[in-house]
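Notes for the structure review
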Amino acid sequence: MSRMLLRNRRDSDPLPSEITPRAVYAGRRRLLGLAAAGLALSPQARLWAAQREGAAARLETRPGPHSTLEKPTSYRDVTGYNNFYEFGTDKEDPARRAGALKTRPWTVSVEGEVRRPKVFGIEELLALAPIEERVYRMRCVEGWSMVIPWAGFPLAELVRRVEPTGNAKYVEFVTLADRAQMPGLRSDVLDWPYVEGLRMDEAVHPLTLLTLGLYGELLPKQNGAPVRIVVPWKYGFKSGKSIVRIRFVEKQPLTSWNRAGPQEYGFYSNVNPEVSHPRWSQATERRIGEDGFLQRKRPTLMFNGYADQVAPLYAGMDLRRFF
């Protein structure tokens, strides 16, 4: 795994979202001009217009269930300290290198064991269901954690619309693999494209989020724009980013990290303080942004604190064998 460097934010530092550059100001003035001229803009059109003008593309969200009351990690850390190996293995690489990623136009092909396969445009996904803000804990397999206000809707909403057949036992998620846009693909750290998967009951669980934004804005590119999955009771690498294909399959998919290190990264990868990684303990974690690099670690919670909601999914399973 790559080195872990903390970049702490002083309380006096403004967030990127609190700064209004000239281009943003001009973009807002242009949008106001369109409105004054009587030209109605759909929510999606407002998003695209704001992006073209360099403005922060705000999402219309409503409070969602299952949110933690813990203090969110700063926007700066959430967007500046990432694992997204398609852009490099250092934590700063995604923020430095993801700018070339083209997120419009973007489509997600939903296929496999479904009665209604469909190719969804990103605009269609944004309008598919009401977008909720969910403040979730996020635990990395490397032993660090964050609290992130995601924006999206339950993946079950999409699943319901494509009508899986009785043969659909698993859902596979495939990330974009474009060497022209993603310099990390030149590395052989993984077999590309990046593939992740869930069992069907995990995919339709109310906590599993088809995610389109964070901090009330469209997803930044380094965080998996324009669409990703968030599964908060599993280690972060289970939540596929920049998704271009969702496949419903009968057999358990061979996922990227499980292929790379089957003894280290199991298919389930549920957060479990009692099951250590072969090279480090999972009993504790450090929360990014708290008190510097030498901060005291906090205990890791079973299923990342979501045991009440998800433990029944694994009743009767040996969680040391099915790690």
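See above for the structure.
The model shown is predicted, which means the values in this text are computed figures rather than measured ones.

This part covers empty space enclosed by the protein. For the structure shown, the criterion picks out 3 cavities of 30 Å³ or more. Quantified by volume, the largest cavity comes out at close to 410 Å³. In terms of lining residues, the largest cavity is bounded by 28 residues, among which N83, F84, G236, F237 and K241 are the most central. The greatest single-element share of the lining of the largest cavity, amounting to 4 residues, is contributed by strand β5 (residues 144–154). In terms of residue class, the lining of the largest cavity is made up of 16 nonpolar, 8 polar and 4 charged. In this structure, the second largest cavity encloses a volume near 60 Å³. Taken together, R137, M138, R139, W150, R228, V230, V231, P232, K234, G236 and S239 make up the full set of residues lining the second largest cavity. Of all elements in the fold, only β4 (132–139) and β10 (228–230) reach the threshold of two or more residues within the lining of the second largest cavity. In terms of residues, the lining of the second largest cavity owes the most to one element, β4, which gives 3 residues. Of the residues belonging to the lining of the second largest cavity, the class tally is 5 nonpolar, 2 polar and 4 charged.

So, on to the packing of aromatic side chains. For the structure on display, the rule yields 12 aromatic pairs. Look at Y75 and Y215: their rings are 5.6 Å apart centre to centre, the planes differ by 70°, and that puts the pair in the edge-to-face class. Highlighted residues: Y75 in helix α3 (residues 75–80) and Y215 in the loop between β8 (209–214) and β9 (217–218), separated in sequence by 140 residues. A relative accessible area of 10% means that Y75 is categorised as buried. Residue classification places Y215 among the partly exposed residues on the basis of a relative accessible area of 24%. Ring geometry for W257 and Y265: centres 5.0 Å apart, planes at 55°, overall tilted. Across the pair, exposure class does not vary: W257 and Y265 are buried alike.

Another point: the pairing of β4. Within β4, 7 of the 8 residues are buried, leaving the element largely enclosed by the surrounding structure. Pairing geometry for strand β1 (residues 62–63) and β4, over 2 bridges, is parallel. Its bridge partner lying in β4, R62 is registered against E132. Pairing of β4 with β5, which is carried by 8 bridges, proceeds in the antiparallel orientation. Each residue of the ladder has a partner; that of V135, found in β5, is P149. Connecting the antiparallel pair β4 and β5 is a turn made up of 4 residues, with G143 showing a positive phi of about 105°.

Looking along the chain, the bond that leaves W192 and enters P193 is cis, with omega of 0°. Relative to the helices and strands, P193 resides in the loop between β6 (170–175) and β7 (195–199). Between A225 and the following residue, P226, the backbone shows a cis peptide bond with an omega angle of -5°. Turning to its location among the elements, P226 is positioned in the loop between β9 and β10. Phi at Y215 takes a positive value of approximately 50°, unusual for a residue other than glycine. For S242, which is not glycine, the phi dihedral falls at a positive 40°. Position of S242 among the secondary structure elements: in the loop between β10 and β11 (243–249).

Procedures and definitions
Residues numbered from 1 in each chain as written. Predicted model: local features only at pLDDT ≥ 70, side-chain atom pairs only at ≥ 80, totals over all residues. Heavy atoms only, no water. 1 Å grid on protein atoms, 1.4 Å probe; cavity = no way out; pocket = protein on both sides within 12 Å on 5 of 7 lines; lining within 4 Å. Points joined across faces, edges and corners; volume = space filled by probe spheres on them. Helix = DSSP H or I, 4+ residues; strand = E, 2+ residues; numbered from the N terminus. Nonpolar A, V, L, I, M, F, W, Y, C, P; charged D, E, K, R; others polar. Phe/Tyr/Trp six-rings, centres within 6.5 Å; stacked < 30°, edge-to-face > 60°. Buried < 20%, exposed > 50% of the residue type's maximum accessible area, 1.4 Å probe, protein only. Pairing = 2+ DSSP bridges.

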